[in-house]
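Structural characterization, general
Listed below, chain by chain, are the residues.
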Amino acid sequence: MAHQKDQDLLIQQPGVDTENDANVDSEAEQLTGCGASALCDPRRKPHRFLVLILMCLLSFGSYFCYDIPAALQTQIMQDMKVNSVKFMQLYAWYSWPNVILCFLGGFLIDRVFGIRLGTIIFSCFVVVGQVLFSFGAFVNRYWLMEVARFVFGIGGESLAVAQNTYAVLWFKGRELNLVFGLQLSMARLGSTVNMNIMGPVYEAVGRFFGVEGYRRLGISFFIGGVTCLFSLACGLILGYLDKRAERILHRKSDDTVKVIKLSDVRYFPLTLWMVFMVCVFYYVAVFPFIGLGKVFFEEKFDFPPAHASAVNSIVYILSAPLAPIFGFIVDIVGKNVMWVLLSVGTTLGSHCLLAFTFLNPWVAMVIMGCSYSMLACSLWPIVAFVVESHQLGTAYGFMQSIQNLGLAVVSISSGAILDSSGYFMLELFFCACLCGTIAILTMYSKFSSSVCTSVPVTMSGQVRSVTCYRYHVNLY
Amino acid sequence: YQVSSENPLLLLVGLCVQQAVITLEVNPDCENLSGNANLVHLRAAGPHDTLHYVWSTYGVPTLLIIHSLSNESKLVVNWTSGCKFPSNQTSEAIKVHPQKDVDISMAFVLTKARNILLFEFDDAKTTGNLNNATTVFPPYLLEDFVWDDVSHTVNRSTHTATFHGHNKTDPGHLLQNASVTITVSLPYGRDPSLPHLLHNGNCSQFEVRISGFIPRGNYTRFALEFMLFSQGSNYSFEVKKSIDDEYTPTIFEVLSAILRNEDSQTYLQWKPVSYNKLSKNREASMPCKYYGGSSPGPKQEPNRTIAHFFYQGVPNGVQAFNISFGTGKEDFYNVTRFISWTALVGLGDPPLESISKLMFVLIFLCLGLPFLLVLLSIVLALKHRQQRHGYIPIGETH
């Protein structure tokens, strides 16, 4: 049936060479020139690899620029004459709106823009946000910088949603876990490069342009903003390649039929809500802890400040190389939920080590780093198997929205718990979150059931029939 | 209570907590005050023994705790005319009657510093280590301070007294607002304010506040010097680490400086934290560093305190200490020009912190219940799985 439909589509496709070639599947477009080479053929691995690189670079700019304020905190506070509370507003303006905007962004990708246009629009928001930010610094208008961070936030988080959606479209059923792992490393790489490069850039700007104060800051931001332009370019190329692949592989077939409505959110399967909950409860047990961790290592384990910072950041550092490796393993083994369960369990173990023992915290934090990397690459792909493809953007957007909400709320309440009852109580709270996650996961198997998905994206030219396949995940 | 001469300390534990009757008097037996006495006496009487707490700023601020095995013991202050202390330090101006009972118990004396020597030190390296200080400025000698009349600040229901002192040798009027405030109290259980120290009924708490001193450099810290007097001359320093920081968030240690001999033990106990704002909270907290006991040279020893009257000089065990406040870049004295530090002094064994019942309940709720839930789920899932055949794992969507 699907096969038939594809052939119909093929006939309607303008400019398609209908001559059969022995090497190419009968229903696919014949490719000539570069298109025939492995690098340009969307059915071949090398081409997917190219797309993967573009996909990872897509968010490099936004991750790079997200952390620019942190990298130049003292310079910003000096040149713009702001205190640390005012400074933190730059991050608040980014994150709070995204409690809702991510979801909206994902929905717009599904419903209005489509993935390609959506990506480009959000990339533009990122570029415009960064340019405004730089301009605000250049003309010494702090309020403009805050507005700019808001604009930047609209683009940045929704771009991450688009990136996830792209990943599923191209890699579902293949190297999806690896791809999510690589995207995480890319995010880490973006902030690491930024942290190390922006200081020297600021110095160099002072030397070469001979400017001081806020103008120097503005020019440095403009230079940092080049990464956003670069990512926008990647988005444009990716859009072109995706359109081309869609034409060649006739991917459109089902997606045009079904259109998501906002009310569809109510009919998201229970399993998806469980994935959301796991996401929120896990992340709130890791990031707010790291946010408050430095003093914990200094006080409980008598680490000097530099040492405490090092052990506190090991989770981020480890995730960059480990996430793709774990993603690769999960791709081979499958059983995502089992991996998620394993990560949550080991994270719980590391929190217990930190809470109840005086064991060197390097042990616990390295375990946490490994678990986090494993979770990041195995949890996010599950969404692709739980919702239909026309709802993907919305689902990912929703997931990021409630993750942002959870992180914002828990960061505040963690501070309150710490102030009133100390780190031990805080650790218990994190343990409770993780135990809750484990409880949800063990229930997961009971609620999961088979769904009919739309045609899985195939890049092999072999379009599968619409399959109802079970995504029951083996837990035990 | 069984009085036992071999181990009189056993008796101390719980003395005040359970059935002590506490009476408070300011400048006892003093009819027309004209002097510098500023003395507060608390008498905690149990059925078989008594604890006397004597707090005074005569000379320098001093806290004296005396244990008597008689439940009718009495503090006697031999004032000269006008409620002044005699100039002769060896005169027995402060005694506890009957003296024979005092001798049996390990009468414990604590003076909080000879003078609490205050000195700032320039610490551009920001390590907060007193020994690395580039410049140690001349100290503020607390014996040069003038102390407000304590009778206005005594609280008879909470058993608290506050001594407020200003520097009187102030040529440049730089120290007009500079003050040292010492609040001494006799709380039960846990102190309601940070760092929420635990009390066991045979100790007294003090809080020292330093404020308003004009810093003498750009990056300065403050340090306090003080001494412990006791019959016990064996000094030891103990650090008790705990996994629980419920009562003092971010602080996992309790430190005790202990002086002991065969039949007595006295201590100073504190947590390594101080605060740089009047409203204490986590943000206002800063670490404090301790520089351990050394026997002070004769020149360093104070020449007049109420402890000298009691001991008729200086007892066997004298140890000098320093505490400095702040270690990081953000907690120099210059930032808020305020420091508050709290500690306990007492007899016998220092209070022992333990994990609270609330914590055990929470540990069960947070870890135990979910664990049971998971076990239940696994059992159910295993049962369920026996009835189920075949599945396609995720990622293998063929």
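Residues numbered from 1 in each chain as written. Chains lettered and ligands numbered in written order. Predicted model: local features only at pLDDT ≥ 70, side-chain atom pairs only at ≥ 80, totals over all residues. Heavy atoms only, no water.

**A few points about the environment of A:Tyr396**
Residue and element names in this part refer to chain A. Applied cut-off: Under the DSSP-based scheme used, a helix requires at least four consecutive residues in state H or I and a strand at least two consecutive residues in state E, with every element numbered from the N terminus. Here, two residues are considered to be in contact whenever any of their heavy atoms come within 4.5 Å of each other.
Along the chain, the position of tyrosine 396 falls in helix H15 (residues 392-447). Sequence spacing of tyrosine 396 and alanine 162 is 234 residues, and the spatial spacing of their C-alpha atoms is 8.5 Å. Those residues in contact with tyrosine 396, other than ones at most four positions away along the chain, are Val161, Asn164, Thr165, Val168, Phe180, Trp380, Pro381, Val383 and Ala384.

**A short note on helix H7 (residues 98-138) of chain A**
An α-helix turns once per 3.6 residues; consequently, residues spaced three or four apart project the same way. Residue and element names in this part refer to chain A. Worth spelling out the cut-off: Helix span, expected: 1.5 Å multiplied by one less than the number of residues in the helix. Working definition for bend: take the seven residues up to and ending at a residue and the seven starting at it, fit an axis to each, and measure the angle between the axes.
Look at H7: only 26 Å from first C-alpha to last across 41 residues, short of the 60 Å you get at 1.5 Å a residue. At phenylalanine 113, H7 shows its strongest bend, of approximately 110°. Note on H7: the residue one or two positions beyond its end, asparagine 140, has a positive phi of about 60°.

**Things to note about the pairing of strand S17 (residues 264-270) of chain B**
Residue and element names in this part refer to chain B. For the record, the criterion: Working definition: with a 1.4 Å probe on protein chains only, accessible area under 20% of the residue-type maximum means buried, over 50% means exposed, and in between means partly exposed. Pairing between two strands requires that DSSP report at least two bridges joining them.
Counting buried positions along S17 yields seven of seven residues, so the element is predominantly enclosed. Side chains of S17 alternate between two faces, with Ser264, Thr266, Leu268 and Trp270 and Gln265, Tyr267 and Gln269 buried alike. Counting the residues between successive antiparallel strands, the hairpin from strand S16 (residues 253-261) to S17 contains two residues.

**So, the environment of B:Ala44**
Residue and element names in this part refer to chain B. Inspection of the secondary structure puts alanine 44 in strand S2 (residues 39-45). For alanine 44, a relative accessible area of 0% translates into the label buried. Residues alanine 44 and valine 21, spaced 23 residues apart in sequence, show a C-alpha to C-alpha distance of 5.4 Å.

**Topic: the packing of aromatic side chains**
How we decide: Here the aromatic set is Phe, Tyr and Trp, taking the six-membered ring for Trp, and pairing holds for ring centres within 6.5 Å; pairs whose planes are under 30 degrees apart are stacked, those over 60 apart are edge-to-face, and all others are tilted. As a reminder, the over-ring test applies to NZ of lysine and CZ of arginine, requiring each to be within 6 Å of the ring centre and within 35 degrees of the ring normal.
Counting across every chain of the model gives 47 aromatic pairs over all chains. Its end group placed over the ring of A:Tyr91, A:Arg149 keeps NZ or CZ at 5.1 Å from the ring centre.

**Regarding the pattern of salt bridges**
Residue and element names in this part refer to chain A. The test is simple: Think of a salt bridge as a Lys or Arg side-chain nitrogen and an Asp or Glu carboxyl oxygen that are within 4 Å of each other.
Tallying each qualifying case throughout the model produces 13 salt bridges over all chains. As a salt-bridge pair, glutamate 175 and arginine 48 come within 3.2 Å of each other at their nearest N and O atoms. Taken together, the residues span a long stretch of sequence, with glutamate 175 in the loop between helix H8 (142-171) and helix H9 (176-209) and arginine 48 in helix H2 (residues 45-58) at a distance of 127 residues. On the basis of relative accessibility, which here comes to 6%, the residue arginine 48 falls in the buried class. Between aspartate 242 and arginine 116 there is a salt bridge whose closest N-O contact spans 2.7 Å. One end of the pair, aspartate 242, is in helix H10 (residues 213-249); the other, arginine 116, is in helix H7, and 126 residues separate them in sequence. For aspartate 242, a relative accessible area of 0% translates into the label buried.

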